[in-house]
Amino acid sequence: MGEFKVHRVRFFNYVPSGIRCVAYNNQSNRLAVSRTDGTVEIYNLSANYFQEKFFPGHESRATEALCWAKGQRLFSGGLNGEIIEYDLQALNIKYAMDAFGGPIWSMAVSPCGSQLLVGCEDGSVKLFQITPDKIQFERNFDRQKRSAVHKMLVDRQYMGVSKRKCIIWGVAFLSDGTVISVDSAGKVQFWDSATGTLVKNHLIANADVQSIAVSDQEDSFVVGTAEGTVFHFQLVSVTSNSSEKQWVRTKPFQHHTHDVRAVAHSPTALISGGTDTHLVIRPLMEKVEVKNYDAALRKITFPHRRLISCSKKRHLLLFQFAHHLELWRLGSTVATGKNGDTLPLSKDADHLLHLKTKGPENIICSCISPCGSWIAYSTTSRFFLYRLNYEHDNISLQRVSKMPAFLRSALQILFSEDSTKLFVASNQGSLHIIRLLEGSFKHLHTFQPQSGTVESMCLLAISPDGNWLAASGTSAGVHVYNIKHLKLHCTVPAYNFPVTALAIAPNTNNLVIAHSDQQVFEYSIPDKQYTEWSRTIQKQGFHYLWLQRDTPITHISFHPKRPMHILLHDAYMFCIIDKSLPLPNDKTLLYNPLPPTNESDVIRRRTAHAFKISKIYKPLLFMDLLDERTLVAVERPLDDIIAQLPPPIKKKKFGT
């Protein structure tokens, strides 16, 4: 792998927001997740659970309900009383409508998918007709006091003690007329809707049961509790020869440390999320046909997009948070040592800048220039560009005024290698090129979306010589533009899985693309075709352990003096691919490619292969070369995140 001096950074104090709602769409096999800061994320479960889209949060949008409608349309409601529909192509809010009932606590779509029902703070239920372009108010169901068909009273007994109040946290209505309720007394109860009577009662927790989701076949459901436990119920036959069936609690799972606020049920997995910020996907082994990575437990904690950028020239890191940016200068050392040694710092890392946003909107994306003299970031409504000036240990900041409105809602920002140009990908599918002047700018060109479509560009890569720009959209397509002649150069052949990272190599201008199914391609931009190395690896295939990794590659880079090396990483490994060495086959040890050091060089070379993998740094949010001998690795240990979360709602007490 070669020897590198590694800056091991653990002062990125990032804490993801807790999960409030999840909603599964069976038609598209996608999962929508809303977080407590108003962010909404879309995961493609068919694409290795990749987070392919997101909508930035907003301080006034505390989402309490989330649901899909016919035609893969996504709606949400929250404490501000507004119904929101999301534009899944442009990645922005299509419209927001006041339901006129106060805060919205629940939301559901009719079985035919043409009507939306909203439960409000004032006790009313609003019925809306879903039209092709919007929703239209149809009817108001006022709070029922005396005209209800049935009134089902839950037992207030909790562990033998009468509670003053019992809260129903969730209900499910099955097609056979069964009503299932979950409540604050730790119970799951089954009711007959025809008679309004209690049929069966399950006391499953010493705390609130807060969420419920039923499978489409109505033969299975999942509930989440305030103790962090997820319970699975299944409808099974009473005896092997009997047609009579009953609901049985079959499996408890403890994958959360805090309360489970939201659950979903896909055909092959139980999905849960809550205050501990983890999105957990637990496969149902009896429903998984092929026992590969689809059968593995997934715990997704970090966004599948970069929150960190680097100025290699000045050894600076820019950290992106929801409402501010932090600029840090890396520490330094004059000490030396042998491989594996931890060297003492002669100068500590320095927190240079805390740049807070104005307004309630979350930051969408940000970037620092390679020279360290520019910082840019975007929110939904504004684009910000700053010039940085350094004098000894002091830093001053100058905001560039009158930034054009078309730059707002940028999904990706990138500076050229020489820091003279800024590339901005908008949510309308346009790519803007800005020339940077001393404290000002000039708009050079805009590449419009292809064929009149609106496809948001989520990833950008610029060649080191500044001549080529690669852009990837949400549909997994990659376009390459000629910056010198300001025109589309080529489009990389379409692939079925989304792009997770891309970069252009120096000298060769080969474009390396990583996809969510863990495939890596190398495409020659000058020749407009895949390279011979890429064709070879696609013919032989990647090692099965490489394909079973469950976190996407989020960054690709190259060694300036070793053109045959590709550097890339996901959240749990750093890899150098040496294209001069043979590819590993499935019988080869992928994660231990070299024999002991006491073996001869001949044997070591004979058994070596192209993939050199390190799992020392994790969870790994960012890793890149600062120079040919120095790496920077930014880690975020999960224990540090848990330590900053609020205490669980309920804690188990032993010995009392």
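Small disclaimer: the values here were computed from a predicted structure and weren't measured.

### Observations concerning the domain arrangement of the protein chain
Segmentation of the protein chain into domains returns domain 1 (17–146) and domain 2 (174–189 + 204–300). Just the C-alpha atoms count here: the centres of domain 1 and domain 2 sit 22 Å apart. Among the residues domain 1 hides against domain 2, the three largest losses belong to I19, V22 and Y49. Together they make up 41% of the total. For the pair domain 1 and domain 2, the interface holds zero salt bridges. The interface formed by domain 1 and domain 2 includes four residue pairs in polar contact (both at pLDDT 80 or more).

### A short note on the pattern of salt bridges
Scanning the model with the defined rule gives 14 salt bridges in all. Notably, a salt bridge pairs K312 with D624, separated by 3.8 Å at the nearest N-O pair. Highlighted residues: K312 in the loop between β28 (308–311) and β29 (316–320) and D624 in strand β52 (residues 620–627), separated in sequence by 312 residues. Judged by its relative accessible area of 8%, D624 is buried. Between E438 and R387 there is a salt bridge, with its nearest N and O atoms 3.3 Å apart. With E438 in the loop between β38 (431–437) and β39 (440–447) and R387 in strand β34 (residues 383–391), the pair connects residues that are 51 residues apart, well separated along the chain. What makes E438 exposed here is its relative accessible area of 63%. By sharing partners, the salt bridges in this structure join R8, R10 and E635 into a single network.

### Describing the packing of aromatic side chains
The tally for this structure, following the rule as stated, stands at 21 aromatic pairs. An angle of 40 degrees between the planes, with centres 5.5 Å apart, marks the rings of F521 and Y530 as tilted. Positioned above the aromatic ring of W533 is the side chain of K579, whose terminal nitrogen or guanidinium carbon lies 6.0 Å from the ring centre.

### Considerations on the sheet that holds strand β33 (residues 374–378)
If you walk across this open sheet you meet the four strands as β32-β33-β34-β35, and the pairing is antiparallel. The sheet is open, and its two edges are formed by β32 (365–368) and β35 (394–399), each paired on a single side. Ignoring strand direction, the axes of neighbouring strands in this sheet form an average angle of 20 degrees. Across four bridges, the pairing between β32 and β33 is antiparallel. Bridge pairing links I368 to I375 in β33.

### Observations concerning helix α1 (residues 532–540)
Residues of α1 that are buried: W533, S534 and I537. Projected down its long axis, α1 shows its buried positions confined to an angular sector of 100 degrees, all on one face. Of the exposed residues in α1, the ones pointing more than 90 degrees away from its buried face are E532 and K539. Against the buried residues of α1 lie β46 (520–524), β47 (529–530), β49 (562–569), β50 (574–578) and β51 (611–614). Remark: G541 follows α1 within two positions and exhibits a positive phi of approximately 95 degrees.

### Some remarks on the side chain of H265
Along the chain, the position of H265 falls in strand β24 (residues 260–265). Judged by relative accessible area, H265 falls into the buried class, the value being 7%. Among the polar contacts listed, one links the side chain of H265 to the side chain of S220, at a separation of 2.7 Å. When residues no more than four places from it in sequence are discounted, the contact partners of H265 are Y24, A213, V214, S215, S220, F221, V222, H232, L270 and L284.

### Quick look at the sheet that holds strand β22 (residues 230–237)
If you trace the four strands from one edge of the open sheet to the other, you get β20-β21-β22-β23, paired in antiparallel fashion. Strands at the two margins of the open sheet, each flanked by one partner only, are β20 (209–214) and β23 (245–253). Looking at each pair of strands side by side, their axes are set apart by 25 degrees on average, direction ignored. Here strand β21 (residues 220–225) runs beside β22; their pairing, made up of five bridges, is antiparallel. When the bridges of β22 are listed, G224 appears paired with V230.

### Quick notes on the nonpolar core
If you look at the biggest cluster of nonpolar residues, it comprises 23 residues, and the most contacted ones within it are W546, I556, L568 and F611. Elements with a contribution of two residues or more to this core: β44 (499–504), β45 (510–515), α1, β48 (555–559), β49, β50 and β51. By size, the runner-up hydrophobic cluster in this structure holds 18 residues, among which are V9, Y14, C310 and F319.

### Overview of the environment of V634
Note on placement: V634 falls in strand β53 (residues 630–635). Under the relative-accessibility criterion, V634 is labelled buried at 0%. When neighbours within four sequence positions are excluded, V634 is seen to be in contact with V9, F12, I308, L317, F319, P619, L620, L621 and F622.

### Considering unusual backbone geometry
The amide bond that connects K618 to the next residue, P619, takes the cis arrangement and shows omega of -15 degrees. A positive phi angle, near 60 degrees, is found at N48, a position not held by glycine. Overall, N48 belongs to the buried group, its relative accessible area being 7%. Despite not being glycine, L486 has its phi angle at roughly 55 degrees, a positive value. Within the element layout of this structure, L486 appears in the loop between β42 (478–482) and β43 (487–492). Judged by its relative accessible area of 33%, L486 falls in the partly exposed class.

### Remarks on the pairing of β49
Sheet topology note: the β48/β49 ladder contains five bridges and is antiparallel. In the sheet register, S557 faces β49, and the bridge partner there is L567. As consecutive antiparallel partners, β48 and β49 are separated by two residues. When β49 meets β50, the two strands line up antiparallel, connected through five bridges. Of the residues in β50, the one forming a bridge with I566 is I577. Counting the residues in the hairpin turn of β49 and β50 gives four residues.

### Structural notes on the environment of G473
Here G473 shows up in strand β41 (residues 468–473). With 16 residues separating them in the primary sequence, G473 and M457 have C-alpha atoms 4.1 Å apart. Contact partners of G473, with chain neighbours within four places excluded, come to E455, S456, M457 and C458.

### A short note on the confidence of the model for the protein chain
Confidence along the protein chain averages 90 in pLDDT terms, with 92% of residues attaining 70 or more. Averaged pLDDT values for the elements of the protein chain fall to 57 in strand β15 (residues 161–162) and rise to 98 in β29.

Reading guide: rules and limits
- Residues numbered from 1 in each chain as written.
- Predicted model: local features only at pLDDT ≥ 70, side-chain atom pairs only at ≥ 80, totals over all residues.
- Heavy atoms only, no water.
- Domains from an automatic or database assignment.
- Buried area = accessible area lost by both parts, 1.4 Å probe.
- Salt bridge = Lys/Arg side-chain N within 4 Å of Asp/Glu carboxyl O.
- Polar contact = N/O pair within 3.5 Å; in protein donor to acceptor, adjacent residues only side chain to side chain.
- Helix = DSSP H or I, 4+ residues; strand = E, 2+ residues; numbered from the N terminus.
- Buried < 20%, exposed > 50% of the residue type's maximum accessible area, 1.4 Å probe, protein only.
- Phe/Tyr/Trp six-rings, centres within 6.5 Å; stacked < 30°, edge-to-face > 60°.
- Lys NZ or Arg CZ within 6 Å of the ring centre and 35° of its normal.
- Pairing = 2+ DSSP bridges.
- Axes fitted to C-alpha atoms, helices over the stretch in contact; angles between N-to-C directions.
- Arc of directions from axis to C-beta.
- Contact = heavy atoms within 4.5 Å.
- Core = buried A, V, L, I, M, F, W, Y, C linked by side-chain atoms within 4.5 Å.
- pLDDT = per-residue confidence, 0-100.

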